[in-house]
Amino acid sequence: MSKVDSKIPAGSLAEKWTQYRSSVPLVNPANKRSIEIIVVGSGLAGASAASTLAELGYKVKCFCFQDSPRRAHSIAAQGGINAAKNYQNDGDSVYRLFYDTVKGGDYRSREANVYRLAEVSANIIDQCVAQGVPLAREYGGLLSNRSFGGTQVQRTFYAAGQTGQQLLLGAYSSLERQIGLGNVEMCARHEMLEVVLIDGKARGIIARDLISGKLERHFGHAVLICSGGYGNVFYLSTNAMGSNATAAWKAHKKGAYFGNPCFTQIHPTCIPVSGDHQSKLTLMSESLRNDGRIWVPKQKDDKRKAFDIPEEERDYYLERRYPAFGNLVPRDVASRAAKERCDAGFGVGTSKMAVYLDFAAAIERYGKQQILKLGIDNASAEEIRKHGMDVVKEKYGNLFDMYKQITGEDPYQLPMRIYPAVHYTMGGLWVDYNLMTTVPGMYALGEANFSDHGANRLGASALMQGLADGYFIIPYTIGSYLSNEIRTKAIPTNHPAFEEAEKNVQATIDRLFAIKGTHSVDHFHKKLGKIMWDKCGMARNEKGLKEAIEEIRALREEFWKDVRVTGTPNELNPELEKAGRVSDFLELGELMCMDALQRKESCGGHFREEYQTEDGEAKRDDDGFSFVAAWEYKGQGSFELHKEELNFDVVHPSQRSYK
Ligand SMILES: Cc1cc2nc3c(=O)[nH]c(=O)nc-3n(C[C@H](O)[C@H](O)[C@H](O)COP(=O)(O)OP(=O)(O)OC[C@H]3O[C@@H](n4cnc5c(N)ncnc54)[C@H](O)[C@@H]3O)c2cc1C
């Protein structure tokens, strides 16, 4: 085991980024024109990076597996994006956003990165507004804010329940502009299946044209992996069904360390699982916890309808346990509290694995405000409700509609039923302060890297991080590497390293078709997901993790003997795409369990049952585990652990409390 160097610049925390930007080597405009950069991914991280680098003058090729960059999973993001603008004058600052994020991540993130993220957060809002992103505004025209979990200020900017969509359209517009100018070559419907290394540096990729099935070689002086998160290793998650780990995993197998793979975020407010037929879960945005109150009946196995249960017989358990933050505790805390109530027999709905998210109080509160505003005297209860519902509709209407369409219940009349589900992966490719992986010239941005969220991401911080990485960080940090590459001529793709990489990809495809087994890819994916959820999900323990490792190994073996991939390789073949992705999940899942096993503490989303306080909160071991686990691939099923020690010079770790 060795230590990894995060290359954090010297200087005081508040000065590091400013000093770095003023002293980082630059590439002059003429040289930029002969430098080629590959960007894998066109979500918020990829699109913002590709367009900004192209704007700077680099030659960019951008890849995505969807038919348009506009369909990246980022489009699904609902609730909002944080920024330390302090528009509400409620005490926010760069320091407070930094502090909340480090604390929210349960002191398992890198201070320097988080501070930089908080610093550039304000620029993101300016950038997006300049692009025309229609962020919500107050009546008077000023940008509006709401609260997200783990904070006591209102710093979340939003566009109804479609913030990701609007931000992505902004990034996409700037990307399209660069495509139009000929500075970006967009390769949609292409899946990266291998990284090409030459003399130890990332020099290109092998991608499959998903329409024709043809394998292609692409050269780049640098490769940026912006391929999103790997929550779908659990099969059921709130992620888009296509989200996968393949690009990051191939990079890992080529030498990029994988950071904190076991840190997974389980989101507390999702529509509960309704049966075996489901292939995905739906998020109900955290923004709903601004106004929705979470409760279960005080009586076990209460069969009454929600509205028949009187106020005094309801347990608003988050407000009871965490009076300071109430319903806006961070996601890991809220998820565990929901599980605890359901496991103890207080759950609701037919499965009893759900809790209520109730808007009745908010509807009444807003209704009364509106009646006053409109000067209506002697309003009836019905009138008050109607006006209250209008306000709630304006804020969350699309989320309410979505809930109704999926469950058939009207959340304006009945409380929503919700339960935690897999949502986000804090782990990812390990990167240093420059966002470079352990492979020179290979970078990772957005959810694909492990960088800023520690053991638990605060809501509305992923969009902030993806856009910070793409618009404001990589354009500077990549210069420190590329300034040494200006003499490197584009390497022809008949170089033996490209040939070899393509041969390996072809061999894997041939192997998958040759199996001709009896079970579909989904069969294996579901089985893997169940192992992961049961044994490496919301709660983990040594026995379960050891079993999971054995079970995943056996499942992987079975997969390679018995999977059936239908169709042919030379056509659009979603079964082949899935097979490749699931084969990678079958390796990554094992590493996640190994990582969870070695981390003998509980922190953030990583809850080891053996390590908890008397009242069931996560119990960290700062002496033993204040490090980032950076895993090196050593061959199938074999990984070496390296450590990046975390130093907290400014925020001193303490028991996280939201009480
Ligand atoms: C339902 C939902 C709601 C959310 N709401 C919020 C929110 O309100 N606020 C917030 O901050 N965060 C939210 N998040 C999290 C946030 O949306 C994501 O973390 C973020 O959008 C990820 O952006 P990205 O650019 O890193 O990846 P993605 O948007 O996932 O993009 C990945 C890109 O990589 C491409 N790609 C992947 N693999 C390959 C490959 N092998 N070859 C070629 N291309 C590849 C894809 O085609 C895609 O273009 C939400 C997440 C979910 C699931």
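Note that the coordinates shown come from a computational prediction; the quantities given were computed from them, not determined experimentally.

Undergrad: How would you summarise the overall build of the protein chain if you had to cite specific residues and measurements?
TA: Looking only at helices and strands, one finds 17 helices and 19 strands in the protein chain. In summary, the protein chain has a C-alpha radius of gyration of 24 Å against a globular reference of 26 Å for 659 residues, a match within 12%. Considered along the principal axes of its C-alpha atoms, the protein chain spans approximately 80 × 55 × 50 Å. Classification of the 659 residues of the protein chain by burial places 54% in the buried group.

Undergrad: For the site of the ligand, give the residues involved together with the corresponding values.
TA: In the vicinity of the ligand, 46 residues are found, and the nearest of them are G41, G43, S74, G228 and G446. Of all the secondary-structure elements, those providing two or more residues to the shell around the ligand are α3 (44–56), α6 (163–180), β6 (190–198), α7 (246–253), β15 (416–425) and α12 (462–482). Split by residue class, the shell around the ligand holds 19 nonpolar, 25 polar and two charged.

Undergrad: I'd like to hear about the packing of helix α1 (residues 13–23) against helix α5 (residues 111–131), residue by residue, with values.
TA: At a closest axis distance of 9 Å, the pairing of α1 and α5 adopts a crossing angle of 75°. Compared by their axis directions, α1 and α5 come out roughly perpendicular. Counted together, L13, K16 and W17 of α1 and E111, A112, Y115, R116 and E119 of α5 form the full contact between these two elements. Residue composition of the contact of α1 with α5, grouped by class: four nonpolar, no polar and four charged.

Undergrad: Quick rundown of unusual backbone geometry? Include the residues and the values.
TA: Of note in the backbone geometry, D106 takes a positive phi value of approximately 55° without being a glycine. Backbone geometry at A160 places phi at a positive 45°, although glycine is not the residue there. For A160, the position within the fold is in the loop between β4 (156–157) and α6.

Undergrad: How would you summarise the nonpolar core if you had to cite specific residues and measurements?
TA: Residues V40, L224, I225, V355, L429 and Y443 are the most contacted members of the largest nonpolar core, which totals 188 residues. Split by domain, the residues of this core number at least three in each of domain 1 (268–421) and domain 2 (502–621).

Undergrad: Requested: an account of the pairing of strand β9 (residues 222–225), with residues and values cited.
TA: When a strand is regular, its side chains alternate between the sheet's two faces. Residue alternation in β9 divides its side chains into two sets, A222 and L224 and V223 and I225, and both sets are buried. In terms of strand pairing, strand β1 (residues 36–40) meets β9 through four bridges, oriented parallel. Along β9, the bridge assignment pairs V39 with L224. Sheet topology note: the β9/strand β17 (residues 442–444) ladder contains three bridges and is parallel. Residue pairing for β17: I225 is matched across the bridge by A444.

Undergrad: Explain the pairing of strand β19 (residues 639–645) to me, and be specific about the residues and the numbers.
TA: Where strand β18 (residues 627–633) and β19 come together, seven bridges link them in antiparallel fashion. Bridging from a neighbouring strand, W631 pairs with L641 of β19. If you look at the hairpin formed by β18 and β19, you'll find five residues sitting between the two strands, and G635 has a positive phi there, around 115°.

Undergrad: Account for the domain arrangement of the protein chain, with residues named and values stated.
TA: When its domains are assigned, the protein chain resolves into domain 1 (268–421) and domain 2 (502–621). Counting from both sides, the interface comprises six residues of domain 1 and, opposite them, five residues of domain 2. With five residues, the top contributor of residues to the side of domain 1 that touches domain 2 is helix α9 (residues 331–343). Residues of the side of domain 1 that touches domain 2, tallied by class, amount to one nonpolar, one polar and four charged.

Undergrad: Any details on the sheet that holds β18? Residues and values, ideally.
TA: With antiparallel pairing, the four strands of this open sheet are ordered in space as β16-β10-β18-β19. Unpaired on one side and paired on the other, β16 (428–429) and β19 mark the two borders of the sheet. Bridging between strand β10 (residues 258–259) and β18 involves two bridges; their strand directions are antiparallel. What sits directly across from G259, in β18, is A630. Of the strands in this sheet, β10, β18 and β19 touch helix α16 (residues 574–598), which is tilted by about 140° from β18.

Quick notes on the rules
- Residues numbered from 1 in each chain as written.
- Predicted model: local features only at pLDDT ≥ 70, side-chain atom pairs only at ≥ 80, totals over all residues.
- Helix = DSSP H or I, 4+ residues; strand = E, 2+ residues; numbered from the N terminus.
- Rg over C-alpha atoms; globule rule 2.2 N^0.38 Å.
- Buried ≥ 20, exposed ≤ 12 C-beta atoms within 10 Å, placed from the backbone.
- Near = placed C-beta within 6 Å.
- Nonpolar A, V, L, I, M, F, W, Y, C, P; charged D, E, K, R; others polar.
- Axes fitted to C-alpha atoms, helices over the stretch in contact; angles between N-to-C directions.
- Parallel < 35°, antiparallel > 145°, perpendicular 65-115°, else oblique.
- Contact = placed C-beta atoms within 7 Å.
- Core = buried A, V, L, I, M, F, W, Y, C linked by C-beta atoms within 7 Å.
- Domains from an automatic or database assignment.
- Pairing = 2+ DSSP bridges.

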